[in-house]
Amino acid sequence: MNEQKRPVIIAGNWKMNKTRAEAEALAKAICQAAEGQRDLPAVVLAPPFTSLPAVVSVCSGSQVKVGAQNMDHRDAGAYTGEVAPPMLVDLGISYVIIGHSERRQYFGESNATVNLKLKAALQHHLIPIVCVGETLDERENGLTDAVVSRQTAAALADLERSQLDTLIIAYEPVWAIGTGKVCEAFEANRVCKLIRVTIANLYKDKELAQSVPVLYGGSVKASNIDEQLACSDIDGSLVGGASLNANEFISLIKSGQKRISLQAAESCS
Ligand code: PGA
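The structure contained in this document is the topic of the report that follows. (Residues numbered from 1 in each chain as written. Predicted model: local features only at pLDDT ≥ 70, side-chain atom pairs only at ≥ 80, totals over all residues. Heavy atoms only, no water.)

Here we look at the sheet that holds strand 6 (residues 168-171)
With respect to topology, eight strands assemble into a closed barrel ordered 1-2-3-4-5-6-7-8, the strand pairing being parallel. Going across the sheet, the axis of each strand differs from the next one's by a mean of 25 degrees, ignoring polarity. Relative to strand 5 (residues 127-132), strand 4 (residues 95-98) is paired through four bridges, and the arrangement is parallel. Bridged to Val96 within strand 5 is Pro128. Against the sheet, helix 7 (residues 144-155) touches strand 5 and strand 6, its axis set at about 150 degrees to strand 5. (Pairing = 2+ DSSP bridges. Helix = DSSP H or I, 4+ residues; strand = E, 2+ residues; numbered from the N terminus. Axes fitted to C-alpha atoms, helices over the stretch in contact; angles between N-to-C directions. Contact = heavy atoms within 4.5 Å.)

A look at the side chain of Glu109
Here Glu109 shows up in the loop between helix 4 (101-106) and helix 5 (111-123). Since its relative accessible area comes to 8%, Glu109 is described here as buried. In this structure the side chain of Glu109 is engaged in a polar contact, spanning 3.0 Å, whose partner is the side chain of Arg103. Each residue touching Glu109, except ones within four places of it in the same chain, is listed here: Asn70, Gly99, Arg103, Arg104, Val114 and Lys117. (Buried < 20%, exposed > 50% of the residue type's maximum accessible area, 1.4 Å probe, protein only. Polar contact = N/O pair within 3.5 Å; in protein donor to acceptor, adjacent residues only side chain to side chain.)

A closer look at the pattern of salt bridges
In the structure shown here, the tally under the stated rule is 16 salt bridges. Glu134 is the salt-bridge partner of Arg139, the closest N and O atoms lying 2.7 Å from each other. With a relative accessible area of 23%, Arg139 lands in the partly exposed category. A salt bridge links Arg196 to Asp233; the shortest N-O distance between them is 2.5 Å. Remark: Asp233 occurs in the loop between helix 10 (225-229) and strand 8 (236-239) and Arg196 occurs in helix 8 (residues 185-203); sequence separation between them is 37 residues. What makes Arg196 buried here is its relative accessible area of 2%. A relative accessible area of 5% places Asp233 in the buried class. If you follow the salt bridges from partner to partner, you end up with Arg6, Lys193, Arg196, Asp233, Asp235 and Arg259 in one network. (Salt bridge = Lys/Arg side-chain N within 4 Å of Asp/Glu carboxyl O.)

Concerning helix 5
In this model, helix 5 (13 residues) spans 18 Å end to end at C-alpha, consistent with the 18 Å of a helix rising 1.5 Å per residue. Looking only at helix 5, the buried set comprises Val114, Asn115, Lys117, Leu118, Ala120, Ala121 and Leu122. In this structure, the buried residues of helix 5 make contact with helix 3 (85-91), strand 4, helix 4, strand 5 and helix 7. Where helix 5 ends, the next residue or the one after it, His125, has phi of about 60 degrees, a positive value. (Expected span 1.5 Å × (residues − 1).)

Describing the pairing of strand 1 (residues 9-13)
Within strand 1, five of the five residues are buried, leaving the element largely enclosed by the surrounding structure. Burial of the side chains of strand 1 extends over both faces: Ile9, Ala11 and Asn13 are buried on one face and Ile10 and Gly12 on the other. Relative to strand 2 (residues 42-46), strand 1 is paired through five bridges, and the arrangement is parallel. Residue pairing for strand 2: Ile9 is matched across the bridge by Ala42. Bridging between strand 1 and strand 8 involves four bridges; their strand directions are parallel. Counterpart to Ile9 in the pairing with strand 8 is Gly236.

Observations concerning the pairing of strand 2
Of all five residues in strand 2, four are buried, a share of seventy percent or more. This β-α-β element, strand 1 to helix 1 (residues 20-34) to strand 2, shows right-handed connectivity. With three bridges joining them, strand 2 and strand 3 (residues 64-68) adopt parallel strand pairing. Note that in strand 3 the partner of Val43 across the bridge is Val64. Remark: the strand 2/helix 2 (residues 52-59)/strand 3 crossover connection has right-handed handedness. (Right-handed = clockwise from strand over helix to strand, strands pointing away.)

Section: the environment of Pro173
Here Pro173 lies in the loop between strand 6 and helix 8. By relative accessible area, Pro173 is classed as buried at 0%. Residues Pro173 and Glu138 lie 35 residues apart in sequence; the distance between their C-alpha atoms is 10.0 Å. Excluding anything up to four places from it in sequence, Pro173 contacts Gly133, Glu134, Cys183, Tyr216 and Gly217.

Considering the site of the ligand
Taken together, 13 residues are adjacent to the ligand, and Lys15, His100, Glu172, Gly178 and Ser219 come closest. Within the side chain of Lys15, an N or O atom sits 2.7 Å from an oxygen atom of the ligand. Between the ligand and the protein, one listed contact pairs an oxygen atom with a side-chain N or O atom of His100 at 2.6 Å. Considering the ligand on its own, with 280 Å² of exposed area, one finds that the protein chains cover 95% of that surface. (Near = heavy atom within 4 Å. Areas by Shrake-Rupley, 256 points an atom, 1.4 Å probe, with all protein chains shown as cover.)

This is the structure:
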């Protein structure tokens, strides 16, 4: 279990799902479940752009935060269909997912665009959740570590140590996303640790690497989250499918809560 007092984070990526009314209902159920709870993990809901204002309004005054699933790196201009960081800030958004594998796979995002978006998010004080992870082909060819380290280093290119205070990284093996094939907790933990080693090597700073929360994502559900959260280098979950159902997502939040309470109990003993 995480001994570094890093925050525990449970984030739901709703992808291209939910109308505004459905999004409001789901956010309401989650906020109600979170109300008055102690030891709550950081809970982040990332609905589609069209539902962001409604979900921000439902979550205002609650412990639940709202994130966007993507953004452009530029502040404004003739970029049809894009959404700029200041627009998210203006809505009261606090988090943004960057470089999700579906963005890389279907929308041509590269390590270079991920780096630009990460810089823009930090500049606008949005908390970035940067996704890295290997494809099945890369894993089968023994390239997992090389790919994950390269994506991590490329995302962080030209960033100063002082800019990384709010960075969150999510290890999401592409072959585990939406497939029901979860990465074994032991292996997910190993790769999450490798991400920290990569950061430590880049900045020659082990303490910095220990302070960065690293999440696991890929077919996370109530039946497998506890073993992931019991691992020393996994600080939470980025959840797709299981975040679309209120009861399922609330049970993931409860798992995060359980881990925080256990951690508190251990540090007292
Ligand atoms: P999944 O998606 O939980 O449906 O596998 C995870 C993600 O894409 O972040």
